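The chain contents come next:
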Amino acid sequence: MLALIAATVNPTLCLEKGWFCPTPITGYLCADIPGYCDSLYKTGYSTGYGGAIHEATLWNISPLYQLDALDWTVLIIYFGILFVLSIYGLYRVKQVIEFWRYSKFPPKAKGEFTEDQLPHITVQLPLFNEMIASATVDRYAAAGFDIHYIHRDERTGFKAGALENGMKSAKGELIAIFDADFVPKPDFLRKLVHFFTDPTVGCSQMRWAHINGSYNLLTRLQTIMLDGHFVIEQTTRNRTGNFFNFNGTAGIWRREAIELSGGWQHDTLTEDTDLSFRAQLMGWRFVYLLDEEAPAEIPVEVNAFKAQQRRWAKGVLQVWFKLYRRIWYADLPLRVKLEMFFRLTGNISYPLMIVASFMQFPLLLVRYNQGLHQLMMLDVPLLFFSTVSVVMFYGSAVWYLDQKRSVRLFHLPLVMSLGIGLAFSNARAVLEALLGVKSEFVRTPKYRVENTQDESWKRKKYKRKHGWLPLLELSFAAYFVFAIAYAIRMHMWGPIFFLLLFFFGYGYMGLLSLLQTAGGKRLTSVWRRSGAVAQP
């Protein structure tokens, strides 16, 4: 990168060549790189060839005065990744615009069932190792309810297998589905059932709400992430005539729609998304109620959160590989096909995020001394669509739901960090989907945590191994410490905010993953007994 002319050169020549040299330097070197003499001038050092080189490059370990092959490689890869991410960012901006356009037009039922016409509804709760389930069923059965506990001796098909098995004894023409952590309101069924007066409606779905959304920082950030999906994405897709997916719970299916679409299948980890798209490809209509909510618990422990996100990331991409031919050849408008493409392939951004993370420090070296003009012409438009679009997306969900918005809006930078922190976990899921690696359905633990003082979940029996990913996440956090320190030393203030997002995301995920495992809890207990950690 550094090329010098080993000769005595008059400063006038520097000026003619466009090199800046404010004071005469005779007997020393003048660089054929713009700005080199300026570097000598800024250091106030001009006492010899070796000293000048040392002083000019003491802190700037890779000054960019001319582009070489390595520089071009770094820049091309970086801007290529940023371009791909910005395309998905532009898609998010489109969704935000459409959301505000259609948010005031809720779906309306075609008719209304009279009391004697109300269809029979079977409620299915696909559970796994819920310790009091059998006793609860016995208690309600004794009270006269038509309720049954169906136990399978094997886990074939996991949740999809349980739903499929339950259909064999289900009596209803409509099937309502809830996970164990949902607490639906008493009028839930009546709010959704009237949409089935339209014989083309195959599924109706309510928005998830959050029982323990304010429990800790992790749950507060999760609520914003989930609200982005349930407020912006689902609403926009449904009201613009595109496909959206049933979210596995808090909804009602028409039994006929399930059976004619091929039933519950378990060749992907997201059986709900798979069945949803198969049903809609066959012509069934779905309904989404933005302003009706079904409260549920969200993970309070980071390893459970990562496992849940990893399952979703892998499963959705598996659905794309399973259905993309049917989607492409379906008799549908191109906009509908493109919407499905973005919905089912969005998680490909996670491997790209890791590459972009690793390149941040080389990018600092390559981009040193680049002018503001280049920054405005290249970085700003791409960064807007790849990062600012995230703020618009989640910020719109917060703005729609909350009367007191300021607190949650201030969390948006941390939400971006949390998304970055998921990169390694979700990238592994994406790679497994790409390579066709099969894995078990990992359930999300249900702790019944509903208030901020409840720490009973720490004593419950669920076990989760963190593996090696937290160490990798922490190593990247350390990497960004060096990147931030270098940027500060070189007065490169522009990238520091983004570098801090990367540092917090990887550091938070890695550290919390270690501390919330059994070993981490034992270590914390030792610290407390030794007085190193203050008692509450």
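See the structure above.
Attention in this report is confined to the structure presented alongside it. Source: prediction; values computed, not measured.

1. With respect to the overall build of the protein chain
Piece 1. Counting its regular elements, the protein chain contains 21 helices and 7 strands.
Piece 2. Scored against the burial criterion, the 536 residues of the protein chain give a buried share of 51%.
Piece 3. The long-range fraction of contacts in the protein chain, counting pairs at least 24 apart against all pairs at least 6 apart in sequence, stands at 78%.
Piece 4. Accessible area of the protein chain: about 26,700 Å², with a carbon and sulfur share of 62%.

2. A look at the sheet that holds strand β5 (residues 201–210)
Piece 1. Taken together, the 5 strands give an open sheet; going across it, the order is β3-β4-β6-β5-β7, and neighbouring strands pair in mixed fashion. The two strands at the open ends of the sheet, each matched to only one other strand, are β3 (121–124) and β7 (285–296). On average, each strand axis in the sheet is tilted by 25 degrees relative to the strand beside it, whichever way the strands run.
Piece 2. Looking at chain direction, β3 and strand β4 (residues 174–177) are connected through 4 bridges and run parallel. Bridge pairing in β4 places I121 opposite L174.
Piece 3. Across the sheet, helix α6 (residues 158–167) is in contact with β3 and β4; its angle to β3 comes to roughly 145 degrees.

3. Some points on helix α17 (residues 412–421)
Piece 1. Among the 10 residues in α17, 8 count as buried, and that is most of the element.
Piece 2. Listing the buried residues of α17 in full gives L412, V415, M416, S417, L418, G419, I420 and G421.

4. Some details on the pattern of salt bridges
Piece 1. Under the defined criterion, the tally for this structure stands at 20 salt bridges.
Piece 2. Residues E233 and R237 are paired through a salt bridge, measuring 3.2 Å at the closest nitrogen-oxygen approach. Placement of the pair is E233 and R237 together in helix α8 (residues 217–239), with a separation of 4 residues, close to one helical turn. Of the two residues, E233 and R237, both sit in the buried class.
Piece 3. Residue D402 pairs with R408 through a salt bridge whose shortest N-O separation is 2.6 Å.
Piece 4. Overlapping salt bridges, with partners in common, bring together K94, E98, E233, R237 and E339 in one network.

5. With respect to the side chain of N216
Piece 1. In this structure, N216 sits in the loop between β5 and α8.
Piece 2. Of note is the side chain of N216, whose polar atom sits 3.2 Å from the backbone nitrogen of L218.
Piece 3. A polar side-chain atom of N216 sits 2.8 Å from the main-chain amide nitrogen of T219.

6. What about the packing of aromatic side chains?
Piece 1. Taken as a whole and judged by the stated rule, the model has 33 aromatic pairs.
Piece 2. For the pair F497 and F498, a centre-to-centre distance of 5.6 Å together with 75 degrees between the ring planes defines the contact as edge-to-face.
Piece 3. Residue F498 is classed as partly exposed on the basis of its relative accessible area, which comes to 26%.
Piece 4. Positioned above the aromatic ring of W328 is the side chain of K337, whose terminal nitrogen or guanidinium carbon lies 5.5 Å from the ring centre.
Piece 5. Its guanidinium or amino end placed over the ring of W399, R405 lies 3.9 Å from that ring's centre, counting from NZ or CZ.

7. Remarks on the nonpolar core
Piece 1. Of all hydrophobic cores here, the largest spans 89 residues; its most connected members are F188, W253, W264, L364, Y394, L418 and Y506.
Piece 2. Filtering out sequence-adjacent residues up to four positions away, L418 remains in contact with L218, L221, Q222, M225, F305, Y508 and M509.

8. A few points about unusual backbone geometry
Piece 1. The phi torsion at F158 lies on the positive side, around 55 degrees, for a residue other than glycine.
Piece 2. With respect to the helices and strands, the residue F158 is situated in helix α6.
Piece 3. Its identity is not glycine, yet A250 carries a phi of approximately 60 degrees, on the positive side.
Piece 4. Within the secondary structure, A250 is located in the loop between α8 and β6 (251–254).

9. With respect to the environment of F243
Piece 1. Among the structural elements, F243 can be located in the loop between α8 and β6.
Piece 2. For the pair F243 and L281, spaced 38 residues apart in sequence, the C-alpha to C-alpha distance is 8.7 Å.
Piece 3. In this structure F243 touches R237, F277, Q280, L281, L332, V336 and M340, once residues within four positions along its chain are discounted.

Reading guide: rules and limits
- Residues numbered from 1 in each chain as written.
- Predicted model: local features only at pLDDT ≥ 70, side-chain atom pairs only at ≥ 80, totals over all residues.
- Heavy atoms only, no water.
- Helix = DSSP H or I, 4+ residues; strand = E, 2+ residues; numbered from the N terminus.
- Buried < 20%, exposed > 50% of the residue type's maximum accessible area, 1.4 Å probe, protein only.
- Contact = heavy atoms within 4.5 Å.
- Areas by Shrake-Rupley, 256 points an atom, 1.4 Å probe, with all protein chains shown as cover.
- Pairing = 2+ DSSP bridges.
- Axes fitted to C-alpha atoms, helices over the stretch in contact; angles between N-to-C directions.
- Salt bridge = Lys/Arg side-chain N within 4 Å of Asp/Glu carboxyl O.
- Polar contact = N/O pair within 3.5 Å; in protein donor to acceptor, adjacent residues only side chain to side chain.
- Phe/Tyr/Trp six-rings, centres within 6.5 Å; stacked < 30°, edge-to-face > 60°.
- Lys NZ or Arg CZ within 6 Å of the ring centre and 35° of its normal.
- Core = buried A, V, L, I, M, F, W, Y, C linked by side-chain atoms within 4.5 Å.

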